[in-house]
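# Chain and residue survey
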Amino acid sequence: MVNLGNEILRIRKILDGVIKNSSAKHIAFSGGLDSSIITSHLRGPEKNGLTVICDDFIANDLTYAQISAKYLGLNLEILHVDTERLLDVIESTISILENFNDIEIRNSIVMYLALDELKKSDVTTVLTGDGADELFAGYNFLINKSEHELENELARIRKIMHYTSNKIAGFLGINIEQPFLNKEVIEYAENIPVSLKVNEKDGKRHGKWILRIAYENNLHNSIVWREKSAMQDGSCLLYTSPSPRDGLLSR
């Protein structure tokens with residue numbers, strides 16, 4: 001029998017222990033659940049976030065990022081980019097990742113833009129929300145699976161998960177910290193039942209359920225139960241029909 005109260009305390013304590021020891025003062029911030037959770041644990045006045053917005057396309061991260069940043073007391077910088085800049089970044093990203101996988105490339109250009117901009121400002125370490133979707137079933141294609149199917153799929157994802165942000169950061173010469181990929185968080189996620197990862201709220205199924213429940217009193221309600229969108233769709237809609245298996249949901 002799962003004691004929900006205990007699980008809420010456990011995940012909050014683990015994340016707080018990881019994040020309070022971070023040296024980073026900046027976060028790649030989408031206004032999504034994951035980056036907002038990390039921000040909620042940052043201490044002191046030096047809490048800075050960067051959100052990337054493409055001016056030539058309709059995007060939804062701007063509104064959520066502004067709402068969440070104000071609610072959490074985050075100093076938010078908004079990087080506006082145009083199509084020409086996007087095309088330059090696509091070329092650079094392909095060169096760094098050394099592949100032509102369209103999903104991986106378009107998911108990675110937002111992180112490239114964010115890290116490159118922060119590097120120009122002499123920022124040395126940046127927090128990212130990598131890992132929460134893979135560990136806590138944040139992908140849309142997971143939420144309607146049976147418990148058995150979900151367990152198998154999450155096990156498969158854990159074996160193959162990798163993050164292009166690491167390669168991009170290495171190329172740019174900037175450090176990234178990924179609290180959700182801390183060993184304690186991974187062990188916690190691997191040992192809780194899938195019912196804590198996908199469950200219902202007001203008759204609607206949600207992934208990352210334990211994270212939403214654990215932080216619903218600490219984040220703006222529109223962020224806690226925000227619908228999923230892929231990272232590149234939140235910042236810039238490069239394609240009209242993104243794959244349901246797109247990686248890197250808004251974090």
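Residues numbered from 1 in each chain as written. Predicted model: local features only at pLDDT ≥ 70, side-chain atom pairs only at ≥ 80, totals over all residues. Heavy atoms only, no water.

### Description of the packing of aromatic side chains
In this structure the tally under the stated criterion is two aromatic pairs. A centroid spacing of 6.4 Å and a plane angle of 40° characterise the contact between Phe 136 and Tyr 188, whose relative ring orientation is tilted. On the criterion of sequence distance, the pair formed by Phe 136 in the loop between helix H6 (132–135) and helix H7 (147–160) and Tyr 188 in helix H9 (residues 183–191) is long-range, its members being 52 residues apart. Side by side, Phe 136 and Tyr 188 carry an identical accessibility label, which is buried. Between Tyr 139 and Phe 141, the aromatic rings sit 5.8 Å apart at their centres with planes inclined by 20°, giving stacked as the arrangement. Across the pair, exposure class does not vary: Tyr 139 and Phe 141 are buried alike. Over the face of the ring belonging to Tyr 215 we find Arg 12, whose NZ or CZ atom lies 4.7 Å from the ring centre. (Phe/Tyr/Trp six-rings, centres within 6.5 Å; stacked < 30°, edge-to-face > 60°. Helix = DSSP H or I, 4+ residues; strand = E, 2+ residues; numbered from the N terminus. Buried < 20%, exposed > 50% of the residue type's maximum accessible area, 1.4 Å probe, protein only. Lys NZ or Arg CZ within 6 Å of the ring centre and 35° of its normal.)

### A short note on the pattern of salt bridges
When charged atoms on two side chains of opposite charge get close, those side chains can pair. By the definition in use, this model includes 10 salt bridges. For the salt bridge of Arg 43 with Asp 16, the shortest nitrogen-to-oxygen distance reads 2.9 Å. Of the two residues, Arg 43 sits in the loop between helix H2 (33–41) and strand S2 (48–54) while Asp 16 sits in helix H1 (residues 4–19), which places them 27 residues apart along the sequence. The residue Lys 120 makes a salt bridge to Asp 116 at a minimum N-O spacing of 3.5 Å. Of this pair, Lys 120 and Asp 116 are both found in helix H5 (residues 102–120), four residues apart, which corresponds to roughly one turn of the helix. On the basis of relative accessible area, Asp 116 is assigned to the buried category, the value being 12%. Each of Asp 34, Asp 133 and Lys 208 takes part in one network of salt bridges that share partners. (Salt bridge = Lys/Arg side-chain N within 4 Å of Asp/Glu carboxyl O.)

### Some points on the environment of Asn 3
Following the sequence through the fold, Asn 3 ends up in the segment before H1. Separated by 3.1 Å, the side chain of Asn 3 and the backbone nitrogen of Gly 5 make a polar contact. A distance of 3.0 Å separates a polar atom in the side chain of Asn 3 from the backbone nitrogen of Asn 6. (Polar contact = N/O pair within 3.5 Å; in protein donor to acceptor, adjacent residues only side chain to side chain.)

### A look at the sheet that holds strand S4 (residues 125–127)
As summarised here, the arrangement of the five strands in space is S3-S2-S1-S4-S5, forming an open sheet in which the pairing is parallel. Edge positions in the open sheet fall to strand S3 (75–81) and strand S5 (175–177), since each of these has one partner strand only. Between one strand and the next, the sheet's axes are offset by a mean angle of 35°, whatever the strand orientation. In this structure, S4 lies alongside S5, joined through three bridges in parallel fashion. (Pairing = 2+ DSSP bridges. Axes fitted to C-alpha atoms, helices over the stretch in contact; angles between N-to-C directions.)

### Description of the pairing of S2
S2 sits mainly inside the fold: seven of its seven residues count as buried. Residue alternation in S2 divides its side chains into two sets, Asn 48, Leu 50, Val 52 and Cys 54 and Gly 49, Thr 51 and Ile 53, and both sets are buried. Where strand S1 (residues 26–28) lies against S2, three bridges are found, and the strand directions are parallel. Within S2, the residue paired with Ile 27 across the bridge is Gly 49. Read from S1 through H2 to S2, the crossover connection turns out right-handed. For S2 and S3, the ladder comprises seven bridges, and the chain directions are parallel. Its bridge partner being in S3, Cys 54 is matched across the sheet by Val 81. (Right-handed = clockwise from strand over helix to strand, strands pointing away.)

### Some remarks on the side chain of Thr 125
Positionally, Thr 125 belongs in strand S4. Exposure remark for Thr 125: the relative accessible area of 11% places this residue in the buried category. Those residues in contact with Thr 125 that sit more than four places away from it in its chain are Ser 23, Ala 24, Lys 25, His 26, Ile 174, Asn 175 and Glu 177. (Contact = heavy atoms within 4.5 Å.)

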